[in-house]
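The lines below spell out each chain.
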Protein chains: 2
Amino acid sequence: MRSFKEYAQLVNENLPSALPKAGAFDRELLEACRYSLLAPGKRLRGALALAAGEYAGAPLERALPFALAVECVHAYSLIHDDLPAMDNDTLRRGRPTCHVAFGEAMAILAGDALLSQGLLLMAEAAARDGAPAVRAMEALTKALGIQGMVGGQAQDMLSERSDRADEAALDYIQANKTAALIRAPLLAGLLASGAPARTLQAFSEYGLQLGIAFQVADDILDVSSTPEALGKSVGKDAEENKLTAVKLFGLQGARQRLLQATRRAVQALEGLPETAFFTDLAEELCGRSF
Amino acid sequence: MRSFKEYAQLVNENLPSALPKAGAFDRELLEACRYSLLAPGKRLRGALALAAGEYAGAPLERALPFALAVECVHAYSLIHDDLPAMDNDTLRRGRPTCHVAFGEAMAILAGDALLSQGLLLMAEAAARDGAPAVRAMEALTKALGIQGMVGGQAQDMLSERSDRADEAALDYIQANKTAALIRAPLLAGLLASGAPARTLQAFSEYGLQLGIAFQVADDILDVSSTPEALGKSVGKDAEENKLTAVKLFGLQGARQRLLQATRRAVQALEGLPETAFFTDLAEELCGRSF
């Protein structure tokens, strides 16, 4: 296993190849895609796919298409989230959001294009690498639609308009809006690399808890950090009446919830060999918002 | 082979099963998806997938996931096209557009959800049916992204802001915005059903020409039909300065172009046995705008 930084670096090196070369008529669309996809980012999701693939003992090439695909999907979700009709954000990864830079219509299309491209990368891997890649594609595709990320986004938006303090809705939002696309690249990396069922099961729970921890940390940082440190607007959750762990449990309650999810993530991997990369990562993510 | 009406009816009967059952938190999202997906429509794309599958001699079940997937993708593209930032349409298939009925944010998400769901249907088929389904998925996925439908949409939008009368741009828009998603379900149905290379090649050209004919007919109807007859707004192309066959060649020139594409579609299938279903369809589509 390499370090997180090395996996993220591998994602960064390969990410430009996730998009096709521009032709005579798609230059501006590709420019908008590149603007968002290649903006500086943690590459958490892509790095998780690569780390999981290497953990399963296969060459990195098996997991790489899924690492690139999940970064395309993540970039699409950020572009659509930031749209005026959605969260109406103007700052993302330290730059103007895609619709501020390219206009709203092109931002909608760039999001659509990045989602389509992520799926094309997976379909090509499936055609090339056979059954394990097909299963990886199925797992990742499941995580991003109605019973995954988009479902979570929709409930996130509906909850803004409600004053019910509803823990079941919060659980649903955190599991689907965020955790689905943190767990999925782990599973895709493992599946593409032929990991056994027991490993998949443990990482499925680890990914869910890591994703919840990640979202709770995000909720905390929105009330305790600065735009300079985060590269995006802060204080927006309360402004938009978002249903967050901080809103429901207060700052201390949210920190407890973060610790709990982190502990559960670490516990999920007990009994598997050499999981330090993943348990360290969970503890580090947890630490960033204390 | 059955009649077009029968294939369209099969699509209609199965289309509700393309979406998952609602859970506690995704009711409104699914309602928006259903509203657009199940609105009355020709089901041209789904019917083409089924007809191509049956033409290749396989049971209809092989092509069915691709028929449903392409209808999901088509519904998503209509929802996003109609958004205020895009074509700003209020009437579609004889009803208020999705964003008029459900709000702009939910319409963006319903489009994202339908695209994701279409891809999930294909990924599940690929996991179940193996290599032929994987190839079908690859062909359909290729057609809907940057080097396909989304690329065509982007250029369509950019051309509205330009006064260059550019035939190359028109060819690109018609091939990508429209024809890509008419050809793709034909290829997907054939691939999923194990058709030989020669059949694929002929239908690839047939699908391209049929798609061009379909778009030119649409351009013509926008200046010569009524909202009541079409179930959508008319006269919008000129209003929005869209680059269409009518704008570039006039009504008579567009009709010539329609006849030419129809003739090429029919010719593409010469030498293949029993293609009457497909050649009749091309001639019928051509006839509807004369």
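Residues numbered from 1 in each chain as written. Chains lettered and ligands numbered in written order. Predicted model: local features only at pLDDT ≥ 70, side-chain atom pairs only at ≥ 80, totals over all residues.

1. A closer look at the packing of helix H6 (residues 104-129) of chain A against helix H8 (residues 149-160) of chain B
Alright, step 1. Contact pair H6(A) / H8(B): the axes reach a minimum separation of 9 Å and the direction vectors enclose 165°. On the basis of their axis angle, the class for H6(A) and H8(B) is roughly antiparallel. Between H6(A) and H8(B) the crossing geometry is left-handed. Counted together, A:Ala105, A:Met106, A:Leu109, A:Asp112, A:Ala113 and A:Ser116 of H6(A) and B:Val150, B:Gln153, B:Ala154 and B:Met157 of H8(B) form the full contact between these two elements.
Alright, step 2. Of the residues belonging to the contact of H6(A) with H8(B), the class tally is seven nonpolar, two polar and one charged. (Axes fitted to C-alpha atoms, helices over the stretch in contact; angles between N-to-C directions. Helix = DSSP H or I, 4+ residues; strand = E, 2+ residues; numbered from the N terminus. Parallel < 35°, antiparallel > 145°, perpendicular 65-115°, else oblique. Left-handed = near helix turned anticlockwise from the far one by under 90°. Contact = placed C-beta atoms within 7 Å. Nonpolar A, V, L, I, M, F, W, Y, C, P; charged D, E, K, R; others polar.)

2. Examining helix H6 (residues 104-129) of chain B
All names here are of chain B.
Alright, step 1. Taking 1.5 Å per residue as the helical rise, H6 with its 26 residues ought to reach 38 Å, and the 37 Å between its terminal C-alpha atoms agrees with that figure.
Alright, step 2. Among the 26 residues that make up H6, 21 are buried, leaving the element largely enclosed by the rest of the structure.
Alright, step 3. Looking one or two residues past H6, Gly 130 carries a phi angle of roughly 75°, positive in sign. (Expected span 1.5 Å × (residues − 1). Buried ≥ 20, exposed ≤ 12 C-beta atoms within 10 Å, placed from the backbone.)

3. Description of the interface of chain A and chain B
Size of an interface, as often reported, equals the accessible area lost when the parts are brought together.
Alright, step 1. The partner chain B presents 45 residues to the 45 residues of chain A that form the contact.
Alright, step 2. When residues of the side of chain A that touches chain B are traced back to their parent elements, those giving at least two are helix H2 (27-37), H6, helix H7 (131-143), helix H8 (149-160) and helix H9 (167-192) of chain A.
Alright, step 3. Considering every element that reaches the side of chain A that touches chain B, the biggest residue donor is H6(A), with 16 residues.
Alright, step 4. Looking at the side of chain A that touches chain B, its residues break down into 28 nonpolar, nine polar and eight charged.

4. Digging into the relation of the copies chain A and chain B
For these two chain copies, the linking operation is a rotation about an axis paired with a shift along it.
Alright, step 1. Each copy superposes on the other: chain A lies on chain B with an RMSD of 0.0 Å after a rotation of 180° and an axial shift of 0.0 Å. The superposition of one copy onto the other is thereby described by a two-fold rotation axis.
Alright, step 2. A shared interface surface links the copies, since 100% of the contact residues of chain A are contact residues in chain B too. (Least-squares fit on C-alpha atoms with pLDDT ≥ 70 in both.)

5. So, the nonpolar core
Soluble, globular proteins show a tendency: their nonpolar side chains are buried together.
Alright, step 1. The biggest cluster of nonpolar side chains holds 214 residues, and the ones touching the most others in it are A:Ala110, A:Leu140, A:Ala213, B:Ala110, B:Leu140 and B:Ala213.
Alright, step 2. What B:Ala110 contacts, discounting residues up to four positions off in sequence, is B:Leu29, B:Ala32, B:Cys33, B:Ser36, B:Ile79, B:Cys98 and B:Phe102. (Core = buried A, V, L, I, M, F, W, Y, C linked by C-beta atoms within 7 Å.)

6. Remarks on the environment of A:Gly211
Residue and element names in this part refer to chain A.
Alright, step 1. When you line up the elements, Gly 211 lands in helix H10 (residues 197-224).
Alright, step 2. For Gly 211, a count of 26 C-beta atoms within 10 Å translates into the label buried.
Alright, step 3. When the C-alpha atoms of Gly 211 and Arg 257 are compared, they prove to be 12 Å apart, with 46 residues separating the residues in sequence.
Alright, step 4. Once residues lying within four places of it in the same chain are set aside, the contact partners of Gly 211 are Thr 178, Ala 179, Ile 182 and Arg 183.

7. Examining unusual backbone geometry
Alright, step 1. Even without being glycine, A:Asn88 reaches a positive phi, approximately 50°.
Alright, step 2. Its place among the elements puts A:Asn88 in the loop between helix H4 (60-82) and strand S1 (91-92).
Alright, step 3. C-beta crowding within 10 Å serves as the criterion here: with 15 such atoms nearby, A:Asn88 is assigned to the partly exposed category.
Alright, step 4. Phi is positive for B:Arg93, which is not a glycine, with a value near 50°.
Alright, step 5. Tracing the sequence through the fold places B:Arg93 in the loop between strand S1 (91-92) and strand S2 (95-96).

8. A look at helix H13 (residues 245-268) of chain B
At 3.6 residues per turn, the α-helix brings residues three or four places apart onto the same side.
All names here are of chain B.
Alright, step 1. For H13, built from 24 residues, the straight-helix expectation of 34 Å at 1.5 Å per residue is missed by more than 12%, its first-to-last C-alpha distance being only 22 Å.
Alright, step 2. All buried positions along H13 are accounted for by Ala 245, Val 246, Ala 254, Arg 257, Leu 258, Ala 261, Thr 262, Ala 265 and Ala 268.
Alright, step 3. Packing partners of the buried residues in H13 comprise helix H9 (167-192), helix H10 (197-224) and helix H14 (276-287).

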